[in-house]
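# Notes for the structure review
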Amino acid sequence: MPLNPALSVRGPKHSVTEGKTPAMDVKQVRELLRSIPLTTAKGTPDLGGLRDRAAIATLVFTAARAGAVAKLRRQDFITDGRQHYLRLDEKGGKVRSIPCRTDLQQYIDEYLAVIGVVDPRTPLFLSLVRRTETMSGRGLTENDLLRMLKRRIKAAGLPAGVFKCHSLRASTATDLLEQGVELADVQFLLGHSDPRTTKLYDRRKMQVTRNIVERISI
């Protein structure tokens with residue numbers, strides 16, 4: 001054919017400037033972490049509570065994907081004598097070391113002190129034997145983390161069925177950008193190769209829109 005009849009056809013434009021995953025705000029994340037019980041009714045350490053606080057804090061303070069957190073082993077919680085790190089096996093085969101905040105290090109230390117894990121190959125976040133306070137030796141899967149997060153969100157009185165593990169990643173990115181942290185630094189933390197991907201995690205535009213619609217005087 002001398003001429004392609006479809007050459008002049010233009011498809012509909014589709015521009016995505018913001019991801020679909022809803023983000024929790026700072027107040028909600030703090031409320032979620034505070035709501036997790038750390039002792040049982042008998043006054044003994046709550047293994048599930050200590051584990052879940054450490055796991056959720058890891059999702060928040062490293063901005064890691066749930067899949068990477070589920071892969072963590074005891075040997076991936078490391079220190080150079082000055083600073084603790086989490087060595088994350090990320091998407092696409094990337095391996096990154098993220099420094100632990102002081103409170104995150106404390107949460108993980110308190111959890112590990114109770115379960116007494118010594119084998120470095122043991123999963124960092126262990127599952128519990130059903131309806132008991134005994135660790136099974138099996139690590140939490142990505143789906144286990146999601147179910148745990150939904151359960152803790154509901155128990156904290158936060159909107160149920162809305163937030164996912166990825167919501168915490170978006171929450172962290174938005175919080176840092178709101179504080180004026182450079183996009184390139186947030187991009188590095190999230191492990192993105194393209195800054196446009198990082199921008200999809202920015203929920204500041206939703207807050208601007210909310211401020212605008214509240215000013216409608218109708």
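Residues numbered from 1 in each chain as written. Predicted model: local features only at pLDDT ≥ 70, side-chain atom pairs only at ≥ 80, totals over all residues. Heavy atoms only, no water.

## What to know about unusual backbone geometry
Non-glycine residue alanine 63 carries a positive phi angle of around 60 degrees. Residue alanine 63 is classed as buried on the basis of its relative accessible area of 0%. (Buried < 20%, exposed > 50% of the residue type's maximum accessible area, 1.4 Å probe, protein only.)

## Describing the packing of helix H1 (residues 26–35) against helix H2 (residues 47–62)
Remark: H1 packs on H2, axes separated minimally by 9 Å, with the N-to-C direction vectors making an angle of 160 degrees. Here H2 runs roughly antiparallel to H1, going by the angle between their axes. Relative to H2, H1 is oriented so that their crossing is left-handed. Note on element contacts: H2 touches H1 through Arg53, Ile56, Ala57, Val60 and Phe61, opposite Val29, Leu32 and Leu33. (Axes fitted to C-alpha atoms, helices over the stretch in contact; angles between N-to-C directions. Helix = DSSP H or I, 4+ residues; strand = E, 2+ residues; numbered from the N terminus. Parallel < 35°, antiparallel > 145°, perpendicular 65-115°, else oblique. Left-handed = near helix turned anticlockwise from the far one by under 90°. Contact = heavy atoms within 4.5 Å.)

## Quick look at the side chain of arginine 53
Mapped onto the secondary structure, arginine 53 falls in helix H2. With relative accessibility at 9%, the residue arginine 53 sits in the buried group. Looking at arginine 53, its side chain comes within polar contact range of the side chain of glutamate 110, at 2.4 Å. Not counting chain neighbours up to four residues away, the residues in contact with arginine 53 comprise Leu33, Ile36, Leu38, Tyr107 and Glu110. (Polar contact = N/O pair within 3.5 Å; in protein donor to acceptor, adjacent residues only side chain to side chain.)

## Some remarks on helix H7 (residues 183–190)
All of the buried residues along H7 are Val186, Gln187, Leu189 and Leu190. The arc that holds the buried residues of H7, viewed along the axis, is 160 degrees, so those residues lie on one side. Against the buried residues of H7 lie H2, strand S3 (95–99), helix H6 (165–178) and helix H8 (195–199). A positive backbone phi angle near 75 degrees is found at glycine 191, which sits one or two residues after H7. (Arc of directions from axis to C-beta.)

## Quick word on the pairing of strand S2 (residues 84–89)
Of the two faces of S2, only one is covered, namely that formed by His84, Leu86 and Leu88; the face formed by Tyr85, Arg87 and Asp89 stays uncovered. Of the strand pairs in this sheet, strand S1 (residues 77–79) and S2 are connected by 3 bridges, and their pairing is antiparallel. Note that in S2 the partner of isoleucine 78 across the bridge is tyrosine 85. (Pairing = 2+ DSSP bridges.)

## Points about the nonpolar core
The biggest cluster of nonpolar side chains holds 50 residues, and the ones touching the most others in it are Ile56, Tyr111 and Phe125. Mapped by element, the contributors of at least two residues to this core are H1, H2, helix H3 (66–70), S2, helix H4 (102–115), helix H5 (142–155), H6 and H7. Broken down by element, this core gets its largest block of residues, 8 residues, from H2. Excluding residues that lie within four positions of it along the chain, phenylalanine 125 makes contacts with Arg51, Ala54, Ala55, Thr58, Val69, Leu72, Tyr111, Arg138, Gly139 and Leu140. (Core = buried A, V, L, I, M, F, W, Y, C linked by side-chain atoms within 4.5 Å.)

## Considering the pattern of salt bridges
As enumerated under the stated definition, the model contains 12 salt bridges in all. Where aspartate 80 meets arginine 82, a salt bridge forms, and the shortest distance between an N and an O atom there is 3.4 Å. A residue is classified by how much of its surface remains accessible, and aspartate 80, at 39% relative accessible area, is partly exposed. The partner of arginine 138 in a salt bridge is aspartate 144, with the nearest N and O atoms 3.3 Å apart. For arginine 138, a relative accessible area of 44% gives the class partly exposed. When salt bridges that share partners are traced, they join Arg51, Asp52, Arg151 and Arg152 into one network. (Salt bridge = Lys/Arg side-chain N within 4 Å of Asp/Glu carboxyl O.)

## Structural notes on the sheet that holds S2
Overall, antiparallel pairing links the 3 strands, which are arranged S1-S2-S3 in an open sheet. A single partner strand is all that each edge strand has here, and the edge strands are S1 and S3. Adjacent strand axes in the sheet meet at a mean angle of 35 degrees, parallel and antiparallel pairs treated alike. Sheet topology places S2 next to S3; 5 bridges connect them, and they run antiparallel. Among the inter-strand pairings, leucine 86 is bridged to a residue of S3, identified as isoleucine 98. H4 contacts S1 and S2 of the sheet and is inclined by roughly 115 degrees relative to S1.

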